[in-house]
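The primary structure of each chain is shown beneath.
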Amino acid sequence: MARTTTIPKAAESERRGLSARVSLGAAFKPVPLEFLLIASAALLLTIFGILMVFSATTVTSMQAQNNPYNDGAKHAVFAAVGVPLMFIVSRFSMAWLKRLAWPALIGAILLQLLVFTPLGMENGGNRNWLNFGFMSVQPSEFIKLGLAIWCAFMLDRKKAVLGKWKHVLIPLGPVAVLAMGTVMAGKDLGTVMVIALVVLGALFFSGVKLRFFIAPVLAAVAAVAAFAIASPNRMLRIMSVLDQSCLDRYLNECYQPLHGIWGLASGGFLGLGLGNSKEKYDWLPAAADDYIFAIVGEELGLLGCIAVLALFLVFALGAFRIVSRADDLFVRVVAGALGVWIIGQALINIGVVLRVFPALGVPLPFLSSGGSSLIAVLLASGVLLACARTLPDRPARRA
């Protein structure tokens with residue numbers, strides 16, 4: 001007959017107490033530097049964005065709703081929802097993120113397809129919004145996040161055969177083209193270009209041979225050129241960038257770019273003061289959206305613009321430190337793709353305000369008014385924070 005051993009209650013209680021102390025210690029262990037860089041930059045940019053949206057929308061909000069703070073309050077509500085979501089996602093394991101890869105991408109594409117139903121709404125010639133009455137949603141913002149996670153998941157699964165172009169192309173190529181095609185069907189070329197950056201960023205940080213980039217990059221350039229040439233409006237905006245004065249077309253395609261650069265330039269070094277913008281008096285279209293950086297320059301001057309750029313630099317430093325330190329290919333690829341998306345989109349938006357690029361309708365991450373954009377970048381920041389938690393501990397320095 002087998003002999004059974006019993007553990008004394010005191011010993012069992014002590015073992016449970018030790019286990020609880022170990023678990024508690026693991027929960028409160030110091031977070032990596034990358035976590036602090038990304039979290040602090042994301043929070044400060046979000047707070048800065050709330051202040052600037054409040055300031056930029058007071059006049060137009062008063063005209064439309066007889067309440068100067070209505071639009072700013074809406075943006076603050078989205079921030080109040082997005083920031084807790086960022087920290088919730090930061091607790092996700094990589095296994096959970098991999099499980100979410102397919103559902104997140106399929107869900108985002110299905111939402112994007114709904115814009116071609118009666119729920120869809122057109123704005124500025126682009127049909128990429130869903131109107132639910134009490135709020136509007138831009139599904140293409142979530143395609144960027146879903147595609148970044150999905151690309152990392154697929155490239156991680158195929159890491160043993162990434163030296164063969166067929167395994168890189170299938171299914172990455174067709175799925176990426178499908179995702180971009182649903183957005184391009186709504187005529188939003190600017191968002192499509194950012195999505196293409198996400199895919200190229202994922203491929204680059206996966207370690208795929210550089211010669212594999214030649215065909216997709218050439219195809220992307222050809223597609224952008226074709227869509228630009230096919231649209232007279234896009235061609236006018238592109239050609240306006242080459243015209244240094246643009247005053248002869250002031251009332252047409254040059255109106256918004258000129259007012260953007262005038263607002264940016266009029267702030268000087270210290271700016272006119274928070275709330276003292278002149279361009280927000282319905283002179284500058286999309287002052288709180290795509291051209292929020294012009295209002296930053298006008299009200300807070302060069303100093304405010306440098307502060308915004310410095311915060312994006314801190315964010316980039318955190319994201320790409322994850323890429324350089326990660327041992328896991330999935331972590332490296334998803335962090336690289338998300339970093340390329342957020343920093344690349346910020347540079348594109350600022351380039352548009354500076355008239356380096358034509359108007360593309362791309363929001364400035366964290367700062368531009370719009371709940372979909374803010375929630376999407378905060379969720380992406382949460383994924384980056386989750387990736388930061390997986391980084392190996394640095395060995396202690398020897399004395």
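Now for a quick tour of the structure. Sequence order as written defines the numbering, with residues in each chain counted from 1. Per-residue local features are limited, in this predicted model, to residues with pLDDT of at least 70; the limit for side-chain atom pairs, both in listing and counting, is 80 or more; totals at the level of whole chains, interfaces and linings are taken over all residues. Just so you know, side-chain values use all the structure's heavy atoms and leave hydrogens and water out.

So, on to helix α8 (residues 189-205). Relative to the 24 Å expected for 17 residues at 1.5 Å per residue, α8 spans 25 Å between its end C-alpha atoms, a close match to the ideal helical length. Classification of residues uses two cut-offs on accessible area relative to the type maximum, computed with a 1.4 Å probe and protein chains only: under 20% is buried, over 50% is exposed, and between them is partly exposed. Only runs of H or I of at least four residues qualify as helices and only runs of E of at least two qualify as strands under DSSP, and these elements are numbered from the N terminus. Buried residues dominate α8, accounting for 13 of its 17 residues. The length a helix should cover is 1.5 Å for every residue beyond the first.

Here we take up the sheet that holds strand β3 (residues 136-137). Read from one edge to the other, the open sheet built from three strands follows the order β1-β2-β3, with strand pairing classed as antiparallel. In this open sheet, the two strands that pair with only one neighbour each are β1 (120-123) and β3. Here, any two strands with at least 2 DSSP bridges between them count as paired. Note: β1 against strand β2 (residues 126-131), four bridges, orientation antiparallel. Across the sheet, residue Glu 122 finds its bridge partner in β2, namely Arg 127.

Throughout, an axis means a line fitted to C-alpha atoms (over the contacting stretch in the case of helices), and angles, computed between N-to-C directions, take values from 0 to 180 degrees. As a packed pair, helix α2 (residues 33-65) and helix α12 (residues 292-325) sit with axes 9 Å apart at the nearest point and diverge in direction by 160°. For the element pair α2 / α12, the angle class is roughly antiparallel. You can see that α2 and α12 cross each other, and the crossing is left-handed. A class-by-class count of the residues in the contact of α2 with α12 yields 23 nonpolar, three polar and four charged. The scheme is simple: roughly parallel for angles under 35 degrees, roughly antiparallel for over 145, roughly perpendicular for 65 to 115, oblique for anything else. The handedness criterion is simple: a crossing whose near helix is rotated anticlockwise from the far helix by less than a right angle is left-handed, and one whose near helix is rotated clockwise is right-handed. We call Asp, Glu, Lys and Arg charged. Ala, Val, Leu, Ile, Met, Phe, Trp, Tyr, Cys and Pro are nonpolar, and the rest, Gly among them, are polar.

Attention now goes to the pairing of β2. Counting the residues in the hairpin turn of β1 and β2 gives two residues, including Gly 124, whose phi is positive at 65°. Looking at chain direction, β2 and β3 are connected through two bridges and run antiparallel. In the sheet register, Asn 131 faces β3, and the bridge partner there is Ser 136. Once β2 ends, the chain turns through four residues before running back antiparallel as β3, passing Gly 133 with a positive phi of about 85°.

Everything listed here is a matter of geometry and, on its own, says nothing about what the molecule does.
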